[in-house]
Amino acid sequence: MKKLLYGVAYYDEYMPYERLETDIQMMKEAGINVVRIAESTWSTHEPQNGIFDFRSVSRVLDAMYKADIQVIVGTPTYAVPTWMVKEHPEVLAITKNGPKEYGARQIMDITNPTYLFYAERIIRKLMDHVKDHPAIIGYQIDNETKHYDTSGPNVQQRFIKYLKEKFKTTDALNDEFGLAYWSNNVNAWEDMPSVIATINGSLGAEFSKFQRKLVDDFLAWQVEIVKEYRKEGQFITQNFDFEWRGYSYGIQPNVNHFSASKPFDITGVDIYHPSQEDLTGIEISFGGDVARSTKQQNYLVVETEAQAFSNWTPFPGQLRLQAFSHLASGANMVSYWHWHSIHNSFETYWKGLLSHDLQPNPVYHEAKTIGADFKRLSAKLINLKKKNKTAILVSNESLTGLSWFKFNHHSELNYNDIVRLIYDELYKINVEVDIIHSETDNLADYSLIIVPCLYVASDELLERLNQYVYNGGHAVFTFKSGFTNENLKVRTSSQPGIIEKACGVQYQMFVEPKNVKLTNHSYDIAEDNNEVHTWMELLTPTTAKVLATYDHPAWGEYAAITCNEYGKGFATYVGCIVSSETMSEILIDAVKRANIWRQEQQFRFPVIIKSGLNDAGHEMKYFFNYSFEEQSFAYPFHESVELLEDVTYQNEEMIKISPWSFKIFEVKERGRTNK
Amino acid sequence: MKKLLYGVAYYDEYMPYERLETDIQMMKEAGINVVRIAESTWSTHEPQNGIFDFRSVSRVLDAMYKADIQVIVGTPTYAVPTWMVKEHPEVLAITKNGPKEYGARQIMDITNPTYLFYAERIIRKLMDHVKDHPAIIGYQIDNETKHYDTSGPNVQQRFIKYLKEKFKTTDALNDEFGLAYWSNNVNAWEDMPSVIATINGSLGAEFSKFQRKLVDDFLAWQVEIVKEYRKEGQFITQNFDFEWRGYSYGIQPNVNHFSASKPFDITGVDIYHPSQEDLTGIEISFGGDVARSTKQQNYLVVETEAQAFSNWTPFPGQLRLQAFSHLASGANMVSYWHWHSIHNSFETYWKGLLSHDLQPNPVYHEAKTIGADFKRLSAKLINLKKKNKTAILVSNESLTGLSWFKFNHHSELNYNDIVRLIYDELYKINVEVDIIHSETDNLADYSLIIVPCLYVASDELLERLNQYVYNGGHAVFTFKSGFTNENLKVRTSSQPGIIEKACGVQYQMFVEPKNVKLTNHSYDIAEDNNEVHTWMELLTPTTAKVLATYDHPAWGEYAAITCNEYGKGFATYVGCIVSSETMSEILIDAVKRANIWRQEQQFRFPVIIKSGLNDAGHEMKYFFNYSFEEQSFAYPFHESVELLEDVTYQNEEMIKISPWSFKIFEVKERGRTNK
Amino acid sequence: MKKLLYGVAYYDEYMPYERLETDIQMMKEAGINVVRIAESTWSTHEPQNGIFDFRSVSRVLDAMYKADIQVIVGTPTYAVPTWMVKEHPEVLAITKNGPKEYGARQIMDITNPTYLFYAERIIRKLMDHVKDHPAIIGYQIDNETKHYDTSGPNVQQRFIKYLKEKFKTTDALNDEFGLAYWSNNVNAWEDMPSVIATINGSLGAEFSKFQRKLVDDFLAWQVEIVKEYRKEGQFITQNFDFEWRGYSYGIQPNVNHFSASKPFDITGVDIYHPSQEDLTGIEISFGGDVARSTKQQNYLVVETEAQAFSNWTPFPGQLRLQAFSHLASGANMVSYWHWHSIHNSFETYWKGLLSHDLQPNPVYHEAKTIGADFKRLSAKLINLKKKNKTAILVSNESLTGLSWFKFNHHSELNYNDIVRLIYDELYKINVEVDIIHSETDNLADYSLIIVPCLYVASDELLERLNQYVYNGGHAVFTFKSGFTNENLKVRTSSQPGIIEKACGVQYQMFVEPKNVKLTNHSYDIAEDNNEVHTWMELLTPTTAKVLATYDHPAWGEYAAITCNEYGKGFATYVGCIVSSETMSEILIDAVKRANIWRQEQQFRFPVIIKSGLNDAGHEMKYFFNYSFEEQSFAYPFHESVELLEDVTYQNEEMIKISPWSFKIFEVKERGRTNK
């Protein structure tokens, strides 16, 4: 990418009155240099079956081009028009709750041929219409694509063929999935029931994996079509989203981002996060790390919030802080959803950069400073490259597996809670990470790999992790890792199964802790944070050293946390769910053992440091202050230029960072990593 | 009306054994002078399709007539018989949850012609049968009529025609409702989908309005039929109910009481309210004010509780207190649902005046004193007329609008909570109010109009409110008022839109407060009650004076509450949700500014004063004590006769009111209002 | 029964690899002498329609026989195979939530003839195959059979005939059920609607009773088939379960255990209960008392937990404690669900005696000591006979009735909560009870009968209870008893209706208490436990003595608890829901009045004593310690032998019981009851 992109989603179609020229003038004042259009508005572009109207696309493209604003054009396939559903109600997905009904977007069966026919036609017509327009920088395929739990008869039919392909015989299926249980055996493929109500976790999880594959296929299919039209230099991206808890929380359950991102030139994501008092930068960092890791390259923040109600309206300073936080994780674009606040319909309070009055406002005024800085510092800030020594290994399959088999009957905790327990504590001690997955083949690049709840894993993956440790890597495995194979079949060995080799620990029993604390450890944990909750394994070390045991009258003999030397490496095993404070101590210990303890680790949240090399090969050091308190400290790195104020700082010179603010340093000597 | 009515609903059909003569004798002893019959018992009167049996009606009419008890006959159309549903399952309403199933009442589609055919036939047969009976004082149409969310294909079809009529073209519809959003455009009327699952708030709210209109039409249709039969002097009423939260809470979302009450001679309502420790009189007063305001005349309390379980069984004294509270709001009838407790079915614990043993009990004995006092004092107490100087403007459309766009994602607060926040505080300082609405044309009659959350309002209405202030009225507007037009389209001006003129204040941004208090104000509020919650607008006064600002590090520069002089009047604007205590202070300030602060305002809940002129033109002063503590004070009005004890009190003479008791004063000098 | 059975459910079909010989060897080491097979695995035994394969049954039978382990064979009818549902989707039950979908067990309509045809065929094929096998000790019919809320059109049709048979005329039905209410009259049988959505409690409760009868019929039908094949000496049992709250809590709502157990030779039940810190023995005792009482004989614990996650994994010692607790209530078999932990599907964490590694573990090692002690002490411990003087009268009809008419609108308390409130307090003071029901004809055998919430009861039953008291029995009735007749029709007499005679107390009114305490009583209750909640009746004694009144400004004149002398007996009436502590005091008082206060009552939970006569006619005394604290006390009975350690103790000799442990005494002198 040649320059930092600062963008907005723009919907000329949603405007209450003619605004294009005014909007463009205001965008230019704010330094907006890219807009994203067309991805939600099929009914505008094809108002009736086979009647196409791309006038609004053309006029926006022309006007933007004239204003030197680049455009990302989206295929409008994620929201189907009324005429299609009226003619062909069968395009609506059938889920376990029955057929969906018209209204929202993302209600169709992405495998339905009628839908696919119309989708292909609108894509081709649109591409044909815009393909030569010089304003276009790239294309977005669909939007926040997922499988929408499509599971009607046609999908079931296809799933049976998938199972046949995988297992060949029903006997093999029955055995591997344990279908004999509760008389679920399938002894002729014709007997295969819909899995909508299955109680078999292996079967249910396989269906989820199959549904995620439908997303991969659908996206790849669209990419192939768009590729026929796109010109040299135009990218194709998607807008992936994350597990949603009212904001972008964790790994997306319904899409495997690593496989789905393959056909794209660059990964795009949306990241929505709490702001105001709750702005920590964690979701920005987490989403960014996932996005960057999908292709080990820079990424686009296709959507993030401007001033969406209620707790996302930024305090003064936060919009800037947020924008540069994205860059510090490796983003090359920050784009708001959306330019203006909508006057009708559904997302009326998901406000844009402009409020409903469409006039300048304090947030817009702050955006102008961002646009100016992006422009001024683009060459220094773009294409930030990272070489992290720490990785977190995530697994869609384990996420699904743990949604079938929850920690216990009354806990709401899920897989992503454990991922975030680890991610957040690493973030707070300024350890930057890559996100890796079961097919990552460069494990050896990392000094430390954290493996949260790898509940579902093939022998091959576990052996590979053993080998990684044996060769000198350090791994931290948590409870439940290695428990089942790739088909959610529990291993028949003692637990934790294959990784016992690296971890030097065994267990046969696990319980839900009640008033259980850790003891016999050397962690610095306040009494209040010493409790274990929700899940505990009764560990017996074989070769491992015990780092902590349980303080409990019945389970006191068992280990809680262990560390094992294996070959040239170490493996820490955490057998229970601990507090954030305890997890922090475990991770600090692991980072030190892995010999990657650096100056950054002297700093703690709310001071966050992000690093990387810029295009010129200089080390960049972002310092963020995510708090209402001014932060001051001695600058820990070599002579650097603070880019915003263009001031040079020496090592150990005092630095002050205002509330909700940041500084960006470029280390003077090229390639000097200071780590 | 000639005399106060003291009544019960009476179901001869539900009696476990022959009781009619015994019941009538017991009624007479209790002073019951009216019974309400037939409104729930279609299956008794038409046991088979076309077979009619009005024997129970006749025998009750005859027996009551003999006993000089008057009768209100209801049309039995709100509960359909088994034979109808078995023959014509299509009479059951189809809602967003699918077709209703037989069992409860209020399950039919009130637009279904089969239902309407049978309904008309049973009404005509019944009317024909009873029309000459001298016992009948009036008729009730249906019961607690609502639209039951009927939204099946036939209703959708009719709604499309309604939209066509309103918008003429699909383009106009698309523009006004913003249907381009998420590709919801309708470009041919034939494409219009069912709105059951719509995500477009404008469309959804319009459908709700349309559904309320179906109720208006249905009731008007029945009234027309009954009018063909009713005699001179017989009234036609309905039994409206309120938003239900286990008791009558607020404005009814599914009926517009102001339009629906038009065809009736007199408005009837049911009011169920907490009793025991929770009896405050507020729901009695609120429901009464709504009922009285629908036609600006006296009204009937068609149903209220006798001793329904669990917390409605009155303490000794409360049944009397409740009955006279109704009169003090302008009721001319107080009627219990119901005479006897039911021995089967569903509402077994919704007990009547008699318990299941059908014998006298403490509550019945208390009713006897009420009946006696009603009879003795009827001429003095009937037809109480009020001339309130304060009004609250309510809006069904805003209620619906705010159910689409809630205050925030996690708050359960709705429109009625805000209405009640205001109503309750006015009640507690003894300010009596009328309830007005968007079509009220006598705004000038009021010195003070409170406008809670008028989220949905036409330009015309807002201009009219501006004009009211300009002409010397005082208005209190709360947050969110004026935000959208009548089609739930957000205004594109700065907010609060048109009323900015009267209020002298602007905002572009709003947030959810977290640890925000009010500051820079002169209210007398305890620290604990000073917090702002759920919603706050960041106000910037143009011409208004600031009454309070926000105490917050980021939002401290904005105003929270303002007051503006405009023309000859004042407009207070409240930009955030405040505590009851703060709201009380705001309202006290407004009442004083509006120059309507009277002697009543020296008294506070649990002492409640209600006033009005009786038929003889004397000012009536009710004093209620809603507490377990005796209340004593100096009588604040001119020489008056306490009617219950027939004792004359002078101004400033000491008065004592026992727990859960009351006194009724008639000011001696005619027309002397003492205010 | 000849010897104590110690068993496991065994599923050769679920094993991940060939394990039979290994498993049998491990079972033998643990003293397992019975396994239960085949009840869940229809699809294994009939892999395709009409293709039978009993090889796994045969090989297990043969191997077990060789190892001298007996086998209980279950009919595999509670989990239907895929082919059946694919061919005949109509076998799935239709409930108020629509048709069930394939996946879980217990999804079929137990009245569907297609299902019944296939069920009969598999039963006959299986029986024919195994009937001569010498390993078989008995048969289990189906499993945890219930009606699964089957209520489709065919069931409705059958229900109409049932109603016709019961009521003859629709008029009788209308009158008794009060169908006139809300126009629900049925005036031709053809008009009878499905009762799925009925709001009539009498009709709904009758349907529930009818559904429970379907279970009786289904089980009796299977028993008749199996009887055609079973040999002399082989028993037929069922595996009943209880109201489920994540564990076996109370009376089963969907089966009448007393009628359903009639066709069986011996009652089997499953009892799952909290363990670890929450192990009290109460559920073991309650389930055992119900099971024993169904046929007034010993019973089988067909399923109980071994180490199911999460809070059921026993502390060291608890597995033993649990096993002997079952024996002390009269069980002759303790069998775990299940031998091994399952590696797939649904109940993966409902762990067996073996963990997923299928190796010995601490719990298995503890089981070995149980097996050894069962074997060694079998002759002493088997067939424990009880002659309890106290009984609790339970009623499925009252349970259903109170689910229609809850204590109040916001309380979650149900019938079983009140049963347990009483049961638990009796348990804690070591009063052993029988569980009796409306058809129990030996009331006179008891000195004390507790009657919790007998909301639904015929005149005959209530008269019989009166007579019981009159003849010298003592009864404790709680609130709501006697309120309705057997058809859920509220009595028209003053309440508590017919039992007023025995109780000498009346009420007409009841309320939900708020800040109400008991006063004027002589109970020893801490202030904090003195509150009344959820429900209170305003009692007026006629002849009863007042034991407590309400401390409340309005209800202070009414009695709360009374006791009445009637004939030669006493009846206590408890008019309100009290704390556990208060209930304990009430029951202590009743036990003393009934003159059955014994040495056992000097002991309190966590020391629990269970008694009975063994086959040799010796009194057995089990002492359990359900706590982490050692218990010591003077032995209260005559000279006895402690059987586990074979040590003789004299009266008053000091005894110590370790945490989570127990002792078993056999009183030396035969027949010496020591009570």
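Residues numbered from 1 in each chain as written. Chains lettered and ligands numbered in written order. Predicted model: local features only at pLDDT ≥ 70, side-chain atom pairs only at ≥ 80, totals over all residues. Heavy atoms only, no water.

The name given to chain A in an unreviewed UniProt entry is Beta-galactosidase, with the source organism recorded as Metabacillus niabensis. Checking UniProt for chain A, the heading Sequence similarities (unreviewed entry) contains the comment "Belongs to the glycosyl hydrolase 42 family." (UniProt positions renumbered as here; feature names shortened; annotations may be inferred.)

(A) The relation of the copies chain A and chain B, seen in detail. Take chain A, turn it by 120 degrees, move it 0.0 Å along the axis, and it overlays chain B with an RMSD of 0.1 Å. Put plainly, the chains are arranged around a three-fold axis. (Least-squares fit on C-alpha atoms with pLDDT ≥ 70 in both.)

(B) Representation of the pattern of salt bridges in the model. Residue and element names in this part refer to chain A. For the structure on display, the rule yields 126 salt bridges over all chains. The partner of Glu 18 in a salt bridge is Arg 59, and the shortest N-O contact between them spans 2.9 Å. With Glu 18 in the loop between strand E1 (5-9) and helix H1 (20-30) and Arg 59 in helix H3 (residues 55-67), the pair connects residues that are 41 residues apart, well separated along the chain. The exposure class of Glu 18 is exposed, given its relative accessible area of 53%. Assessed through its relative accessible area of 32%, Arg 59 is described here as partly exposed. For Arg 491, the salt bridge identified is with Asp 459, shortest N-O distance 2.7 Å. With a gap of 32 residues between them, Arg 491 in the loop between strand E16 (474-478) and helix H16 (500-503) and Asp 459 in helix H15 (residues 459-470) connect regions that are remote in the sequence. Because the salt bridges share partners, they merge into one network encompassing Asp 12, Glu 18 and Arg 59. (Salt bridge = Lys/Arg side-chain N within 4 Å of Asp/Glu carboxyl O. Helix = DSSP H or I, 4+ residues; strand = E, 2+ residues; numbered from the N terminus. Buried < 20%, exposed > 50% of the residue type's maximum accessible area, 1.4 Å probe, protein only.)

(C) Examining the side chain of Glu39(C) more closely. Residues and elements named next belong to chain C. Within the secondary structure, Glu 39 is located in the loop between strand E2 (34-37) and helix H2 (42-45). On the basis of relative accessibility, which here comes to 1%, the residue Glu 39 falls in the buried class. At a separation of 2.5 Å, a polar atom in the side chain of Glu 39 contacts the side chain of Tyr 11. A distance of 2.6 Å separates polar atoms of two side chains, one belonging to Glu 39 and the other to Ser 40. (Polar contact = N/O pair within 3.5 Å; in protein donor to acceptor, adjacent residues only side chain to side chain.)

(D) Structural context of the state of the cysteines. Across all of its chains, the model carries zero disulfides over all chains by this definition. Cys563(B) provides the cysteine sulfur closest to Cys503(B), a residue in no disulfide bond, and the two sulfurs are 9.2 Å apart. Accessibility expressed as a relative area gives 0% for Cys503(B), which makes it buried. Looking at Cys453(C), it has no disulfide partner, and the nearest cysteine sulfur is the one in Cys576(C), 11 Å off. (Disulfide = S-S within 2.5 Å.)

(E) Local environment of H3(A). Residue and element names in this part refer to chain A. With 13 residues, H3 extends 18 Å between its outermost C-alpha atoms, agreeing within 8% with the 18 Å of an ideal straight helix rising 1.5 Å per residue. Turning to H3, its buried residues number three or more, namely Ser 56, Val 57, Ser 58, Val 60, Leu 61, Ala 63, Met 64 and Ala 67. In this structure, the buried side of H3 is in contact with H1, strand E2 (34-37), helix H2 (42-45), strand E3 (70-74), helix H5 (113-130) and strand E6 (136-140). Asp 68, located one to two residues past H3, shows a positive phi value of around 65 degrees. (Expected span 1.5 Å × (residues − 1). Contact = heavy atoms within 4.5 Å.)

(F) Inspection of the environment of Ser627(A) at higher detail. Residues and elements named next belong to chain A. Along the chain, Ser 627 falls in the loop between strand E25 (619-625) and strand E26 (631-634). For Ser 627, a relative accessible area of 7% gives the class buried. Residues Ser 627 and Ala 63, spaced 564 residues apart in sequence, show a C-alpha to C-alpha distance of 41 Å. Aside from chain neighbours lying at most four places away, what touches Ser 627 is Pro 606, Pro 659 and Trp 660. Of note is the side chain of Ser 627, whose polar atom sits 3.3 Å from the side chain of Gln 631.

(G) Layout of the interface of chain A and chain B. With 51 residues of chain A in contact, the opposing surface of chain B contributes 53 residues. Surface buried jointly by chain A and chain B totals about 4,200 Å² across both partners, of which 56% is contributed by carbon and sulfur atoms. Three residues, Phe309(A), Ser345(A) and Tyr349(A), lead the burial of chain A against chain B; their summed loss comes to 17% of the area buried on that side. Summed over the shared surface of chain A and chain B, the number is one salt bridge. For Asp278(A), the salt bridge identified is with Lys514(B), shortest N-O distance 2.4 Å. Linking chain A to chain B there are 30 residue pairs in polar contact (both at pLDDT 80 or more). (Buried area = accessible area lost by both parts, 1.4 Å probe.)

(H) Broad picture of the interface of chain A and chain C. On the chain C side, the residues contacting the 53 residues of chain A number 51 residues. Buried surface at the junction of chain A and chain C, both sides included, amounts to about 4,200 Å², of which 56% is carbon and sulfur. Counting the surface chain A buries against chain C, the share from its top three residues, Tyr181(A), Trp182(A) and Gln508(A), is 19%. For the pair chain A and chain C, the number of links is one salt bridge. Counting residues per element, the side of chain A that touches chain C draws most heavily on strand E17 (residues 505-511) of chain A, at four residues. In terms of residue class, the side of chain A that touches chain C is made up of 25 nonpolar, 19 polar and nine charged. (Nonpolar A, V, L, I, M, F, W, Y, C, P; charged D, E, K, R; others polar.)

(I) Examining the UniProt feature "domain: Beta-galactosidase trimerisation" (unreviewed entry) in chain A more closely. Taking the UniProt record as the reference, the feature "domain: Beta-galactosidase trimerisation" (unreviewed entry) is found at residues 389-596 of chain A. Secondary structure within residues 389-596 of chain A divides into 25% helix and 30% strand; the distance between the first and last C-alpha atoms comes to 7 Å.

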